[in-house]
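Structural features, examined
The residues making up each chain are set out below.
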Amino acid sequence: MGAGFHGGFGNTFGSEERNRLGKPVPPTEKNYEMVLNPSYYAHLISKKYGINLKGSGKTISIVFNPNLPPGNPGKTRKSNPYVIELGPSAFYSETELANTIAHELNHARDFIRGGNAPENGAYYSGDALEDYIRGRR
């Protein structure tokens, strides 16, 4: 049997969710708690997109750092890789927030493994999620 729809191939469970070409994910409607508590909002968005905030079996936390400059939406430090800091520019949109969380999570896991945290893999992680959100994947 070759490729095709024989035996249900192509109609596997969840295929509509993984392949959202042309179907952007609708944004979450914000409430007061989400606006007043950026860390809470970031955790809700990470949960919405299935971003697993774990590294080596430990939880990676998200904290809001209002002192991160514009143009630097997030930071993960090698000295404390279990904390992702998000600045005000990460909250420009839900898409930017999800992209930043995925990007910084990639750095955190690299640091936890004891290595450096190159940008290429981190950009790929964030951009792949953004493509999904925008309906390009």
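Preceding block: the structure.
A short tour of the structure in this document, coming up. (Residues numbered from 1 in each chain as written. Predicted model: local features only at pLDDT ≥ 70, side-chain atom pairs only at ≥ 80, totals over all residues. Heavy atoms only, no water.)

Quick word on the packing of aromatic side chains
Selection criterion: Any pair of Phe, Tyr and Trp rings, taking the six-membered ring for Trp, is counted once the centres come within 6.5 Å. Such a pair is stacked with planes under 30 degrees apart, edge-to-face with planes over 60 apart, and tilted for the rest. Strands here mean DSSP runs of E at least two residues long; helices mean DSSP runs of H or I at least four residues long; both are numbered from the N terminus. Accessible area is worked out with a 1.4 Å probe on protein chains only. A residue is then buried under 20% of its type maximum, exposed over 50%, and partly exposed in between.
Overall, the coordinates contain two aromatic pairs when judged by the stated rule. Judged by centre distance (6.3 Å) and plane angle (35 degrees), the rings of Y41 and F91 are tilted. Taken together, the positions of Y41 in helix α3 (residues 38-48) and F91 in the loop between β5 (80-86) and α4 (94-112) put the pair 50 residues apart, joining distant regions of the chain. Accessibility classification places Y41 together with F91 in one group, the buried group. For the pair F64 and F91, a centre-to-centre distance of 5.7 Å together with 75 degrees between the ring planes defines the contact as edge-to-face. Here the residue F64 occupies a position in strand β3 (residues 61-64), and F91 occupies one in the loop between β5 and α4, the gap between them amounting to 27 residues. Judged by its relative accessible area of 32%, F64 falls in the partly exposed class. Aromatic rings pair up to connect Y41, F64 and F91 into one cluster.

A short note on the nonpolar core
As a reminder, the rule being used: By nonpolar core is meant a set of buried Ala, Val, Leu, Ile, Met, Phe, Trp, Tyr and Cys residues that side-chain atoms within 4.5 Å join together. Whether two residues are in contact is decided by their heavy atoms: any pair within 4.5 Å suffices.
Grouped together as the largest cluster of nonpolar side chains are 23 residues, with contacts concentrated most on Y49, I51, I62, L86, L97, I101 and L129. Every element with two or more residues in this core is listed here: α3, β5, α4 and α5 (119-133). At seven residues, the largest contribution of residues to this core is made by α4. When sequence neighbours within four positions are dropped, the list of residues in contact with I62 reads S39, A42, H43, L53, I84, L86 and I101.

Re the pattern of salt bridges
Here is the rule: Criterion for a salt bridge: a side-chain nitrogen of Lys or Arg within 4 Å of a carboxyl oxygen of Asp or Glu.
Summed over all chains, the structure comprises five salt bridges. For the salt bridge of K48 with E94, the shortest nitrogen-to-oxygen distance reads 2.8 Å. One end of the pair, K48, is in helix α3; the other, E94, is in helix α4, with 46 residues separating them in the sequence. The exposure class assigned to K48 is partly exposed, which follows from its relative accessible area of 35%. Look at E94 and you get buried, because its relative accessible area is 8%. Here D131 ties to R136 by a salt bridge, and the two come within 3.2 Å at their closest N and O atoms. Accessibility expressed as a relative area gives 22% for D131, which makes it partly exposed.

Details of α5
Our working definition: Expected helix span is computed as 1.5 Å times (number of residues minus one).
With 15 residues, α5 extends 21 Å between its outermost C-alpha atoms, agreeing within 8% with the 21 Å of an ideal straight helix rising 1.5 Å per residue. Turning to α5, its buried residues are A122, G126, A128, L129, E130 and I133. Looking at the packing, one finds that the buried side of α5 touches α4. Downstream of α5 by a residue or two, G135 has a phi angle that is positive, lying close to 80 degrees.

Here we look at the layout of surface pockets
The cut-off we apply is this: A 1.4 Å probe that fits but cannot get out identifies a cavity on a 1 Å grid over protein atoms alone, an open set with protein on both sides within 12 Å along at least five of seven lines counts as a pocket, and a residue lines either if it has an atom within 4 Å of a point. Grid points are joined across faces, edges and corners, and a volume is the space filled by probe spheres set on the points. Polar here means any residue outside two lists: the nonpolar Ala, Val, Leu, Ile, Met, Phe, Trp, Tyr, Cys and Pro, and the charged Asp, Glu, Lys and Arg; Gly therefore counts as polar.
Volume-wise, the largest pocket comes out at about 280 Å³. Taken together, 16 residues line the largest pocket, and the ones lying closest to its centre are N72, G74, H103, E104 and E119. Where the lining of the largest pocket is concerned, the elements lending two or more residues are β4 (74-77), α4 and α5. At seven residues, α4 tops the list of elements feeding residues into the lining of the largest pocket. Residue composition of the lining of the largest pocket, grouped by class: four nonpolar, eight polar and four charged. Its boundaries defined by the atoms lining it, the second largest pocket holds a volume of some 200 Å³. Lining the second largest pocket are Y49, G50, I51, N52, A102, L105, N106, R109, S125 and L129. Every element with two or more residues in the lining of the second largest pocket is listed here: α4 and α5. Per-element tally for the lining of the second largest pocket: the top contributor is α4, with four residues. Partitioning the lining of the second largest pocket into residue classes produces five nonpolar, four polar and one charged.

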